[in-house]
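# Geometric and topological summary
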Amino acid sequence: MENHSYQLKYTSYASAAELNEEDAKLLIAAREAGHRAYAPYSKFSVGSAVLLENGEIITGNNQENAAYPSGICAERVAIFYASSQYPGVKIIKVAVTAFSKDFPVKAPVAPCGSCRQVLSEYEKLHHADIELILQGQEGGIYRLKNVSSLLPLAFTSDDLR
Ligand code: THU
């Protein structure tokens, strides 16, 4: 028998003022996109901004549906659009931010399991880390060097061979 353990490393920042210009700009783009979210059911608006290697910034927001599971998260809207418009172009980083009119989102919002899975697909495809910059409505920001660190023992294309 062998026991294994895993350690997650991330950097936290007190506010956007501590970020470099590129990251701060990406978070602003994510927040702007969040304001266009369609979230009448959860009242939880999420915005995401994807920075591509060619300099393009693609944004997305959560799109909900009366048939709840048919909705989709901000991250997947942005990443799928990015991949559909710029196939093969490396994804450098993704910013995610959330807010609600009903309650304060006090902690940075991390991608859900499905979004982690989707993001990790592109990380593997391009053989390149995708950095994550995560923010809530108030307070701090988390920065992670890659998506795979959020999805240990991931199911990947390797498992299909
Ligand atoms: N949501 C996102 O868009 N991204 C996340 O990382 C977490 C959750 C959305 C899905 C749904 O529209 C709402 O937030 C509440 O779960």
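So, a few notes on the structure that sits alongside this text. (Residues numbered from 1 in each chain as written. Predicted model: local features only at pLDDT ≥ 70, side-chain atom pairs only at ≥ 80, totals over all residues. Heavy atoms only, no water.)

## Side note on the overall build of the protein
As a reminder, the rule being used: Each helix is a run of H or I in the DSSP string that is no shorter than four residues. Each strand is a run of E no shorter than two, and both are numbered from the N terminus. Restricting the calculation to C-alpha atoms gives the radius of gyration, and the globule rule supplies 2.2 Å times the number of residues raised to the power 0.38. Only protein chains enter the calculation, and the probe is 1.4 Å; a residue is then buried if its accessible area is under 20% of its type maximum, exposed if over 50%, and partly exposed in between. Contact definition: two residues touch when any of their heavy atoms are within 4.5 Å. What sets the accessible areas is the Shrake-Rupley method with a 1.4 Å probe; for residues, cover comes only from the shown protein chains. Only four residue types enter the tally: Lys and Arg on the positive side, Asp and Glu on the negative side, with His and both chain ends excluded. Think of each charge as sitting on NZ of Lys, CZ of Arg, CG of Asp or CD of Glu.
Scanning the protein for helices and strands turns up three helices and six strands. Counted from the first residue to the last, the protein has its helices and strands arranged as β-α-β-β-α-β-α-β-β. Since a compact globule built from 161 residues should have a radius of gyration of about 15 Å, the 16 Å found for the protein is in line with a globular shape. In terms of principal-axis extent, the alpha carbons of the protein reach across some 50 × 40 × 35 Å. Buried residues in the protein amount to 41% of all 161 residues. Long-range pairs, those at least 24 residues apart, make up 67% of the contacts in the protein with a sequence separation of at least 6. Split by element, the accessible area of the protein, about 9,200 Å² in all, is 52% carbon and sulfur. Across the protein, the mean location of the 15 positive side-chain charges is 3 Å away from that of the 18 negative side-chain charges.

## Brief notes about a nonpolar patch on the surface
For clarity, the threshold we go by: Each patch is built from residues that are more than 30% exposed by relative accessible area and take part in no salt bridge. Like charges join if they lie within 9 Å; nonpolar side chains (Val, Leu, Ile, Met, Phe, Trp, Tyr) join within 5 Å. For this analysis, a salt bridge means a side-chain nitrogen from Lys or Arg found within 4 Å of a carboxyl oxygen belonging to Asp or Glu.
Among the surface-exposed residues, Tyr6, Leu8 and Tyr10 lie close enough to one another that they form a single nonpolar patch of about 310 Å² accessible area. Within the fold, Leu8 resides in the segment before strand E1 (11-13).

## With respect to the site of the ligand
Operational definition: Neighbouring residues are identified by heavy atoms, a residue being near a molecule or strand if any of them is within 4 Å of it. As used in this structure description, the phrase polar contact means that two N or O atoms lie within 3.5 Å; if the pair is within protein, one of them must be able to donate a hydrogen and the other to accept it, and residues adjacent in sequence are counted only when both atoms belong to side chains. Residue type decides the class: Asp, Glu, Lys and Arg count as charged, Ala, Val, Leu, Ile, Met, Phe, Trp, Tyr, Cys and Pro as nonpolar, and the leftover types, Gly among them, as polar.
Close to the ligand lie Ser42, Phe44, Val46, Asn62, Glu64, Cys73, Ala74, Glu75, Val109, Ala110, Pro111 and Cys112, which account for all nearby residues. Between the ligand and Ala74, the relevant distance is 2.9 Å, taken from an oxygen atom to a main-chain nitrogen or oxygen of the residue. Contact distances for the ligand include 2.6 Å between an oxygen atom and a side-chain N or O atom of Glu75. Isolated, the ligand exposes 380 Å² of accessible area, and the fraction of that covered by the protein chains is 76%. Looking at the shell around the ligand, the elements that each hand over two or more residues are strand E2 (44-52) and helix H2 (74-85). A breakdown of the residues in the shell around the ligand according to their chemical character gives eight nonpolar, two polar and two charged.

## Points about the layout of surface pockets
Stated formally: Each cavity reported here is a set of points on a 1 Å grid over the protein atoms alone in which a 1.4 Å probe fits but cannot get out, each pocket an open set with protein on both sides within 12 Å along at least five of seven lines, and each lining residue one with an atom within 4 Å of a point. Grid points are joined across faces, edges and corners, and a volume is the space filled by probe spheres set on the points.
Considering only enclosed or pocket space, the largest pocket measures out at about 150 Å³ in volume. What lines the largest pocket is simply Gly34, His35, Ala37, Ala39, Lys43, Ser45, Phe99, Ser100 and Lys101. Each residue belonging to the lining of the largest pocket can be placed in one class, and the counts come to three nonpolar, four polar and two charged.

## Things to note about the side chain of Asp23
Topologically, Asp23 is positioned in helix H1 (residues 21-34). If we skip the residues at most four places from it in the chain, Asp23 touches Lys93, Glu131, Ile133 and Arg143.

Any functional reading would require information beyond the geometric quantities listed.
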